[in-house]
Amino acid sequence: MTLLIEAPARVNAGSYMRVALGKWASRHAWWILLVLALCTVLACYDVRWCVGAIVLYLAALMMLFTLVYFNYAFSPQARWSVMEKTVSLSEQGIHMSFAHPRMNDHHIAWREITRVQLTQSATVLNLNGPVNFVMLPPLTPEQKETFKCLYLNTSV
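Structure report, in brief. Given the structure is predicted, the values throughout are model-derived calculations rather than measurements.

On the basis of which strands lie adjacent, the open sheet formed by three strands has the order 5-6-7 and antiparallel pairing. Of all strands in the sheet, those bounded by a partner on one side alone are strand 5 (113–118) and strand 7 (133–136). Neighbouring strand axes in the sheet, compared pairwise and without regard to direction, differ in orientation by 20 degrees on average.

Pasting the structure below:
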């Protein structure tokens, strides 16, 4: 059983970065909230700390988000997600053949996928590694059933 998603199969960069920022924020939100709580406590002590908290959140947090953006945007998984490609799913895994001549084809084995999220806007494949996901375009209901059969039969 195979499933072929013809070119131009791609996800736009904005969708990719929304998912990336959401994943990053879910892992690191505790220390952002900790700094906010510390600034709030210090502001109760002296009002001048409010200015420091505003500067911290308006300047430092935006710089931090820029670093997170570049960390995710320059990863190979980001290129795999946003470049035009033909995707072939089989019992061996997912094979991506890219339309751009400088992009090498890439294969992802089913065992490398730890979690799958099938949404209206994209198919998110969580992988092992520091930048740990690849996005495929949204699947039709028929493609979703074929994908589920392939993933569940080979990942066990």
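What follows continues from the structure just given.
Before going further, it helps to spend a moment on the pattern of salt bridges. Pairing is possible between side chains that carry opposite charge, provided their charged atoms lie close to one another. A full pass over the atoms with the stated rule returns one salt bridge. A salt bridge links Asp46 to Arg48; the shortest N-O distance between them is 2.7 Å. Look at Asp46 and you get partly exposed, because its relative accessible area is 22%. Assessed through its relative accessible area of 65%, Arg48 is described here as exposed.

Turning our eyes to something else, we now look at helix 1 (residues 13–45). Where helix 1 bends most, the angle comes to about 60 degrees, and this point is His28. All of the buried residues along helix 1 are Ser15, Tyr16, Met17, Ala20, Lys23, Trp24, Ile32, Cys39 and Ala43.

Let us look at helix 2 (residues 48–73). Here helix 2 contains 26 residues, and its C-alpha end-to-end distance of 37 Å stays within 8% of the 38 Å for a straight helix at 1.5 Å per residue. For helix 2, the principal kink sits at Leu56 and spans about 30 degrees. For helix 2, the complete set of buried residues consists of Ala53, Leu61, Val68 and Tyr72. Contacts made by the buried residues of helix 2 are with helix 1, helix 3 (76–82) and strand 7.

Across the interface, helix 1 lies against helix 2 with an axial gap of 11 Å and an inter-helix angle of 160 degrees. When the interaxial angle is binned, helix 1 and helix 2 end up roughly antiparallel. Along this stretch, helix 1 crosses helix 2, giving a crossing that reads as right-handed. Counted by class, the contact of helix 1 with helix 2 contains 25 nonpolar, no polar and one charged residues.

Cut-offs applied
Residues numbered from 1 in each chain as written. Predicted model: local features only at pLDDT ≥ 70, side-chain atom pairs only at ≥ 80, totals over all residues. Heavy atoms only, no water. Pairing = 2+ DSSP bridges. Helix = DSSP H or I, 4+ residues; strand = E, 2+ residues; numbered from the N terminus. Axes fitted to C-alpha atoms, helices over the stretch in contact; angles between N-to-C directions. Salt bridge = Lys/Arg side-chain N within 4 Å of Asp/Glu carboxyl O. Buried < 20%, exposed > 50% of the residue type's maximum accessible area, 1.4 Å probe, protein only. Bend = angle between axes of the 7 residues up to and from the residue. Expected span 1.5 Å × (residues − 1). Contact = heavy atoms within 4.5 Å. Parallel < 35°, antiparallel > 145°, perpendicular 65-115°, else oblique. Left-handed = near helix turned anticlockwise from the far one by under 90°. Nonpolar A, V, L, I, M, F, W, Y, C, P; charged D, E, K, R; others polar.

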